[in-house]
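Descriptive analysis of the structure
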Protein chains: 2
Amino acid sequence: MKVITADAVPFQPVVTEGAQGAFIKELITDRDGAPTFAMRLFEILPGGNTPLHSHPWEHEVFILSGRGELRGETQMHPFSAGDAVFVPPNETHTFVNTGETPLRLLCMIPVQQSCCR
Amino acid sequence: MKVITADAVPFQPVVTEGAQGAFIKELITDRDGAPTFAMRLFEILPGGNTPLHSHPWEHEVFILSGRGELRGETQMHPFSAGDAVFVPPNETHTFVNTGETPLRLLCMIPVQQSCCR
């Protein structure tokens, strides 16, 4: 068992094409022995966004602070701190910070996936 | 895709033997189509705790508010808001609220497991 202080883990820029003002830190991954899924923390600056893309794995997200919009091809869902977000496999999506403060969210994915997608 | 407002989901008492002052709400489960893992939110009142137990699946936890201790058979790790916690499969563990305010934490588990363990 282990406790990881998120503030002690540095952010890295999200370099995936289409990302703007988005940063990631990995908190729990398969390198910690996690057998099923990984936990990452994202910060998205005001006006920033994660890439608009889709992939064969799901996202489970919890909004820690700030507010924004989950945008798909035909849907838009506003969210704010305290909301959970489920993006099923193969649905096009982007998280956009529409607020005036940094948007922080936890994002979990299956461990067999690349860390930053 | 969907957004779930955690405040709109009612807490249920954790009825597992050994739990005290612990409540759970499920935010994302296989009933939402989640294929790999589930997201639950726990509240543990001051002095309360989750059961001291072990099981063949892992926990990945993020502390949303409050503070407490992760206790195992031979280890004790204090934690507070902003910490992530990894409990590997088959490690005995309990989460104890040692603070003066409610302890709130997200706890993710593989979907094939029972909701409240």
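See the structure shown above.
Calculation rules
Residues numbered from 1 in each chain as written. Chains lettered and ligands numbered in written order. Predicted model: local features only at pLDDT ≥ 70, side-chain atom pairs only at ≥ 80, totals over all residues. Contact = placed C-beta atoms within 7 Å. Helix = DSSP H or I, 4+ residues; strand = E, 2+ residues; numbered from the N terminus. Nonpolar A, V, L, I, M, F, W, Y, C, P; charged D, E, K, R; others polar. Buried ≥ 20, exposed ≤ 12 C-beta atoms within 10 Å, placed from the backbone. Core = buried A, V, L, I, M, F, W, Y, C linked by C-beta atoms within 7 Å. Least-squares fit on C-alpha atoms with pLDDT ≥ 70 in both. Pairing = 2+ DSSP bridges.

1. Points about the interface of chain B and chain A
Contacts between chain B and chain A engage 37 residues on the former and 37 residues on the latter. Of all the secondary structure elements, the ones that give two or more residues to the side of chain B that touches chain A are β1 (2-5), β3 (20-28), β4 (37-49), β5 (59-65), β7 (76-80), β8 (83-87) and β10 (103-110) of chain B. The biggest single contributor to the side of chain B that touches chain A is β8(B), with 5 residues. Along the lines of polarity and charge, the residues of the side of chain B that touches chain A split into 22 nonpolar, 8 polar and 7 charged.

2. Here we look at the environment of A84(A)
Along the chain, the position of A84(A) falls in strand β8 (residues 83-87). Judged by the 26 C-beta atoms lying within 10 Å of it, A84(A) is buried. For the pair formed by A84(A) and E60(A), sequence separation is 24 residues and the distance between their alpha carbons is 7.4 Å. In contact with A84(A), not counting residues within four places along its chain, are V61(A), F62(A), I4(B), A6(B), L27(B), I28(B) and M39(B).

3. Regarding the nonpolar core
Among the nonpolar cores identified, the biggest contains 56 residues, and F62(A), L105(A), L106(A), F62(B), L105(B) and L106(B) are the most heavily contacted of them. Apart from the residues within four sequence positions on either side, L106(A) is in contact with M39(A), L41(A), V61(A), F62(A), L64(A) and F62(B).

4. Description of the environment of A34(A)
Along the chain, A34(A) falls in the loop between β3 (20-28) and β4 (37-49). Between the alpha carbons of A34(A) and P110(A) there is a distance of 9.8 Å; along the sequence they are 76 residues apart. Here A34(A) is in contact with I28(A), T29(A), V111(A), E58(B), E60(B) and F86(B), once residues within four sequence places are set aside.

5. As for the relation of the copies chain B and chain A
The relation between the two copies of this chain is a rotation about an axis and a shift parallel to it. Mapping chain B onto chain A calls for a rotation angle of 180° and an axial translation of 0.0 Å; the resulting RMSD is 0.0 Å. Look at the turn and shift together and you get a two-fold axis relating the two.

6. Some details on unusual backbone geometry
Residue and element names in this part refer to chain A. A positive phi is found at N90, a non-glycine position, where the angle reads about 70°. Following the sequence through the fold, N90 ends up in the loop between β8 and β9 (94-97). Judged by C-beta crowding, with 10 C-beta atoms within 10 Å, N90 ranks as exposed.

7. Considerations on the pairing of strand β9 (residues 94-97) of chain B
Residue and element names in this part refer to chain B. Only one face of β9 is buried: it carries F95 and N97, and the other face, with T94 and V96, is open. Sheet topology note: the strand β6 (residues 67-71)/β9 ladder contains 4 bridges and is antiparallel. Across the sheet, the residue bridging to E69 is V96, located in β9.

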